[in-house]
Amino acid sequence: MASNTAAASPAEEVKTGFLRMSISKLILYIILGIVAVVQILPLIWLFLFSLKDNQEVFNLPPLALPSDPQWGNYARVWTEGNIGLYFFNSVIVTGTSVILTVLLASLVTFAITRMNWKLNKLVLGLFMVGLMIPVHSTLIPLFSFFSSVGLMDHHLSIILTYTAFNLPLTMMILLGFYYTLPRELEEAAVMDGCSIHRMFFRIILPITAPVVATTAIINMIYNWNEFVFVNTFISSDSLKTLTVGIQNFIGQYSTDWGAIGATLVISMLPILLAFLILSNRIVEGMTSGSVKG
Amino acid sequence: MNQIMSDKRVIALYTLPALLLISVLIYVPLVLTGYYGLMDWDGIGSMTFIGLENYAALITDGMFWSSAYHSLLLALFSVGSLVLYLAVSVVLAGNIKGADLFRKIFLIPMLLSSVAIAQLWMRIYHPTNGVMNRFLASIGIENPPLWLSDTSIVLFAIFIPIIWQYAGFYIIIYYAALKNIPKELVEAARIDGASPLQIAYKIKLPLISGVIKVTIVLAVIGSLKYFDLIYVMTDGGPNGASEVMASYMYKLAFRTNDFGYGSAVGFFLLVLILIVTYLIRKATTSKDDSIQY
Amino acid sequence: MKKKSFISLAALSTAAVFTLAACGGNDSEEASAGAGNNDNGEAAQEDVTIDFMHLWPQGSSPDHHRIVEDIISDFEEMHPHVTVELEVLENEQYKNKLQVVSSSNQLPDVGMTWPAGFLEPYVNGELFAPLDDVLEEDNMRDDFVAGTLEAYSVDEQAYAMPLELNIAPVFYNEAIFEENGVEVPETYDEFLEVIDTLADNGVTPIALGNRDRWTGSLWYMYLADRIGGSDALNSAIDRSGSFEDERLEEAASRIQEMVDHDAFISGFNGLSDQEAKAEFMNSNAAMYLIGSWDLPNYTTNEEIPQEFRDNIDFFKFPEVDGGEGNIDNWVGGPGVGLFVAENSDVKDESKAFVKHFTEEWGKRSVEDAGVIPGTQVNTDEVDLPDLFIDVLDDLNNASDITLFADVQMSSSVAETHLNMIQSLFGEEITPEEFVERHEEALEEDE
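Residues numbered from 1 in each chain as written. Chains lettered and ligands numbered in written order. Predicted model: local features only at pLDDT ≥ 70, side-chain atom pairs only at ≥ 80, totals over all residues. Heavy atoms only, no water.

## So, the overall build of chain B
When its secondary structure is counted, chain B shows 13 helices and two strands. Counting only C-alpha atoms, chain B reaches 70 × 70 × 30 Å along its principal axes. Per-residue burial over chain B gives 60% buried out of 293 residues. A separation of at least 24 residues holds for 65% of the contacts in chain B among residues at least 6 apart in sequence. Surface summary for chain B: the accessible area is close to 12000 Å², and the carbon and sulfur share equals 68%. Averaging the coordinates of the 19 positive side-chain charges in chain B and doing the same for the 17 negative ones gives two points 13 Å apart. (Helix = DSSP H or I, 4+ residues; strand = E, 2+ residues; numbered from the N terminus. Buried < 20%, exposed > 50% of the residue type's maximum accessible area, 1.4 Å probe, protein only. Contact = heavy atoms within 4.5 Å. Areas by Shrake-Rupley, 256 points an atom, 1.4 Å probe, with all protein chains shown as cover. Lys, Arg positive; Asp, Glu negative; His and termini not counted. Charge placed at Lys NZ, Arg CZ, Asp CG, Glu CD.)

Structural data, given as structure tokens:
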């Protein structure tokens, strides 16, 4: 980058350096701005989509305004089916599995990366293999397992499934961070006479908050939008989650796209909110000053 | 210190619950998938043991190999796109004004469910009304590509939304990793006169190399078992031109009542992922590397 | 609205249903296993639950859903000890779940199935109960349109009761035809001329969403039928003949001829049926070949502009000169039907429910939901739009109905067929290869 300024005098170098800085900053902002607009368009599209009727959904350009906004799509989504109940179920299932996954993954990752035992690599490997199984291979075995233990048609079946399937991924993401934690952290804690549990919950977990928030966001999005397991393991309407709201508008031969759009918008709002809150937790990580215990 | 960090009871307490969960919910289906792969079974009635016949059939199954090739291509593309995500994350995690807002906006599409993403991109790729072809027509291109029906481009056309779909996932991980770098290190380098690019390249990247390796593995595994958008947008077609291993497995198991053969494909997929992961590990881990995954 | 009167369905013997229900819970298995049941002497009236799984969600199919609810509450009133529990899933998810629950032998007591190729594995696995005993009562068998029950039969035993029957007419937009000065074609050559005129005038002749594949299959089937008669295709599939038949090959080359004449919408192989339909519904395409399930869109569906609905008519697929097929042959067939699970512990109640459901559905489905039932409909006495009546009349006068190829074939052959359809339309294979690959798949499946 600085190769052709080698011959310039030091004063000039500083000057052009500044100039270059501001120009490159400007270009950077323009690019960032364009990307930001492109990334926000899908949201606007989805909103417009939810206000169109089936003809307009296909005929109008994606970002065209509907001629007669179909607010009725929202009314139908609200009144038909138990959106309120589904929403409650989604929150319970997603919330429980996210907490369970992140907690279990943190415990295991801590034990594997920070504690000394011979089999740690092997156990890590066992978890990693869990990433590799295709979802559709598991449906039939899991169905028969859950029905044999009587968990069929119970929230626990999907909560446990989400937890098990997201554990390996969550651990993978946590791993890189745990490895970078300085040893001094534990040493200081042990010196202070901290028990290992206390060390984990009071020092390690708070320090890894940014990555915990990251994995929580990822888990939350996956669980919130998942429907294959829900459909397979849950049969009572009263236990289903928001994703069945979408199915409600898929017919045998035709689909009510506007209503699906409205359902998607409604089900996205809470997760958008949760995302914005959680994403504030991904801030500057630890500095050496925080290693006090 | 060492004594506390080697406490077997604590290790067991931290790892066993999660281990139990994945052994039941992941390893049992995994073993069963291998078992079904040895059977002639329609997934409905009774099964017959046929040994390795399914695997023998795999070897001569052209559709299987082309779907495996497509999956590997997707893995290659996904890994390549990581560079882009990393660059975006470095910029976002840098000290620029408004980075926080940009970051949130950039991640928003990741909240969309696959249903929405598929609908969006089908509007973009529509042969006559689509955003893409309307744009191409407006700049005077007469016979714009038929994105999803031309067998020579459909695969690449479908890769783009897949890669876009996962942008947020990787950016959020990189961002968290970059934020985790102690400020003092970056400050020190800046005082020494390093340019932002040098800081990024010489200091930040090496520090998050563990995370980068993890994301490479995740991208490869995720791509090899990828299913969602392909299933919705092209259904693997036209005539298998965009078929990938997971979608092929799904078709065999759930559409053509060949659950045994489908399981063999699933099991093969698993073995392939294991091998590829092992190779990546070999390629990226140097001897003195403390980071294992 | 409610002036329903259908052939031979008018008087339903409720007594028979009651007798049947009284046997409920008393079948040999249960009596021997649970002797305790007999203590109170009223085992027959023990409260039972029928689990019923269907694929008509309220949101997308409000009319279907309403009829289902009515029928269930009627049935529950008639049989106070029975409760019907519903599980509703959309099409794809429904099929998946049905297979998953079957693998553990946990089918719902009553559910929906598709005919022929879809149903066979379930019958072979002894998961569906034979329904002949129910069909014998009140001569119920005679209520069905000839041929429909057979589609759900294996070895002459019926395993499901059809609820739907469809044929596929070519719908066309009269306004577009008029503007371009073309008339309904009666022969394939005239058809090609219509296509040429439309294409020359910059109008898309035919909307086709061949991403879904069965849509293109309809076109092929009609050509195969018009050229070779219903026999050519049927005998190739039931293996009394071969797929490597000149007539079947000619049909394939006609498809490519149509493609060369720009008959189909641009990018058809990447478009879903719904996207293609939208082009027809927005008057961007002149013709659309689809099952009669779409009739409400052209008649009663208030969400679609009246002007458009008035413009839509249909014609029979044209004859091919020198072909063996009859213009009154249709491609079509029954859609979903009701099965009773073989291992249901409330089998008698379930059978009674299926019988009641099929009969009541037959009385109401056309008028209230626009679904042509598997049971016969007397067109003189139903209050329906003309287009509907025309289709029903044609259905009654059909010389033969060739079952949709992908339904008729076993699922693995169907998969080959559907892929080959895409390649044929995409001109990636020759008609010769097309028939060869079919023959191979059919041979392998035997």
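## Observations regarding the overall build of chain A
In terms of regular secondary structure, chain A is built from 13 helices and zero strands. Considering chain A as a whole, with its 293 residues, one finds that 55% of them fall into the buried category. Long-range contacts, defined here as pairs at least 24 residues apart, represent 74% of the contacts in chain A between residues at least 6 apart. Total accessible area computed for chain A in this model is approximately 12000 Å², and 71% of it derives from carbon and sulfur atoms.

## A short note on a nonpolar patch on the surface
Residues and elements named next belong to chain B. On the surface, Val 271, Leu 274, Ile 275, Tyr 278 and Leu 279 cluster together to form a nonpolar patch covering roughly 450 Å² of accessible area. Topologically, Ile 275 is positioned in helix H13 (residues 259-284). Accessibility expressed as a relative area gives 45% for Ile 275, which makes it partly exposed. (Patch = residues over 30% accessible without salt bridge, like charges linked within 9 Å, V, L, I, M, F, W, Y side chains within 5 Å. Salt bridge = Lys/Arg side-chain N within 4 Å of Asp/Glu carboxyl O.)

## Remarks on the domain arrangement of chain A
Residue and element names in this part refer to chain A. Here chain A is described as being made up of domain 1 (3-49) and domain 2 (81-290). The partner domain 2 presents six residues to the four residues of domain 1 that form the contact. Note on domain 1 versus domain 2: buried area summed over both sides is about 450 Å², and carbon and sulfur give 91% of it. Three residues, Leu 43, Leu 46 and Phe 49, lead the burial of domain 1 against domain 2; their summed loss comes to 89% of the area buried on that side. Remark: the boundary between domain 1 and domain 2 carries zero salt bridges. Counting across the interface, domain 1 meets domain 2 through zero residue pairs in polar contact (both at pLDDT 80 or more). Looking at the side of domain 1 that touches domain 2 residue by residue, the class counts come to four nonpolar, no polar and no charged. (Domains from an automatic or database assignment. Buried area = accessible area lost by both parts, 1.4 Å probe. Polar contact = N/O pair within 3.5 Å; in protein donor to acceptor, adjacent residues only side chain to side chain. Nonpolar A, V, L, I, M, F, W, Y, C, P; charged D, E, K, R; others polar.)

## Examining the side chain of Ser 61 of chain C
Relative to the elements of secondary structure, Ser 61 of chain C occurs in the loop between strand S1 (48-54) and helix H3 (62-78). When sequence neighbours within four positions are dropped, the list of residues in contact with Ser 61 of chain C reads Gly 251 of chain A together with Trp 56 of chain C.

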